[in-house]
Amino acid sequence: ISVDVRIVAATNRDLANQVEAGTFRADLYYRLNVLQLRVPPLRSRREDIIPLAEYFLGLFNKRFGKSFLSLDEGARTALTEHRWAGNIRELKNVLERSVLRRPTHGSRISFGRRLVQWNASSATKWGEMLNRRDFCYANRGLPTGMNAAS
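Bear in mind the structure is a predicted one, so any value in this text is a computation, not a measurement.

Observations regarding the nonpolar core
So, step 1. Core analysis: the largest hydrophobic core is formed by 16 residues, its most contacted members being Leu71, Leu79, Trp84, Leu91 and Leu95.
So, step 2. The set of elements that each furnish at least two residues to this core consists of α3 (49–64), α4 (73–81) and α5 (87–100).
So, step 3. Considering every element that reaches this core, the biggest residue donor is α3, with 6 residues.
So, step 4. Apart from the residues within four sequence positions on either side, Leu95 is in contact with Ala53, Phe56, Leu57, Phe60, Leu71 and Leu79.

Structure below.
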């Protein structure tokens, strides 16, 4: 049996430095290091955020049988101002969660006011806010008991 295998690997570490330090196997590094593609983080490519968000919106509409047509201006602002430490995976998860938690049909996705700025300093509270049931419904602003200064 003849097999032709290609391996695609991704890392956020400097493997060349790790080979020098003896913390990564040199033979594996040279086997993997055929072509290097350096993709800047999403936070450095703000112009890509809305097209990616619209792509994911369409993908999740289709997957979950929903019919949201667009992101409202507040959602666009919140998405482009967020730091996106989790890069595209984080953006994808936010859009999937938003589509799943909304009623079956609607014309726009809305994150309410100042979604991302509400708690940029605390990943724990950010996660809690994203998981609040009333967080996602269109045009309701921040969940009860929360305010933009929290």
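Side note on the side chain of Ser98
So, step 1. Among the secondary structure elements, Ser98 is positioned in helix α5.
So, step 2. A polar side-chain atom of Ser98 sits 2.8 Å from the main-chain carbonyl oxygen of Val94.

Re the confidence of the model for the protein chain
So, step 1. Scored by pLDDT, the protein chain comes out at a mean of 75, with 68% of its residues at no less than 70.
So, step 2. Element-level pLDDT for the protein chain is lowest in helix α6 (residues 123–131), with a mean of 44, against a maximum mean of 96 in helix α1 (residues 15–21).
So, step 3. Counting interchain partners and residues more than four positions distant, the pLDDT-below-50 stretch residues 113–150 has 59 contacts.

Things to note about the packing of α3 against α5
So, step 1. As a packed pair, α3 and α5 sit with axes 9 Å apart at the nearest point and diverge in direction by 45°. Classed by the angle they form, the pair α3 and α5 counts as oblique. Between α3 and α5 lies a crossing of right-handed hand. Contacts from Ile49, Leu52, Ala53, Phe56, Leu57, Phe60, Asn61, Arg63 and Phe64 in α3 reach Ile88, Leu91, Lys92, Leu95, Glu96, Val99 and Leu100 in α5.
So, step 2. Here the contact of α3 with α5 is composed, by residue class, of 12 nonpolar, 1 polar and 3 charged.

Some remarks on the side chain of His82
So, step 1. On the secondary structure map, His82 appears in the loop between α4 and α5.
So, step 2. Within the local environment of His82, its side chain forms a polar contact with the side chain of Glu90, the two groups lying 2.9 Å apart.

With respect to the packing of α3 against α4
So, step 1. Two elements in contact, α3 and α4, have axes whose closest approach is 9 Å; the angle formed by their N-to-C orientations is 120°. In terms of orientation, α3 lies oblique with respect to α4. Note on packing geometry: the crossing formed by α3 with α4 is right-handed. On the side of α3, the interface is formed by Ile49, Ile50, Ala53 and Glu54, while α4 contributes Arg76, Leu79 and Thr80.
So, step 2. Looking at side-chain class alone, the contact of α3 with α4 contains 4 nonpolar, 1 polar and 2 charged residues.

Thresholds applied
- Residues numbered from 1 in each chain as written.
- Predicted model: local features only at pLDDT ≥ 70, side-chain atom pairs only at ≥ 80, totals over all residues.
- Heavy atoms only, no water.
- Core = buried A, V, L, I, M, F, W, Y, C linked by side-chain atoms within 4.5 Å.
- Buried < 20%, exposed > 50% of the residue type's maximum accessible area, 1.4 Å probe, protein only.
- Helix = DSSP H or I, 4+ residues; strand = E, 2+ residues; numbered from the N terminus.
- Contact = heavy atoms within 4.5 Å.
- Polar contact = N/O pair within 3.5 Å; in protein donor to acceptor, adjacent residues only side chain to side chain.
- pLDDT = per-residue confidence, 0-100.
- Axes fitted to C-alpha atoms, helices over the stretch in contact; angles between N-to-C directions.
- Parallel < 35°, antiparallel > 145°, perpendicular 65-115°, else oblique.
- Left-handed = near helix turned anticlockwise from the far one by under 90°.
- Nonpolar A, V, L, I, M, F, W, Y, C, P; charged D, E, K, R; others polar.

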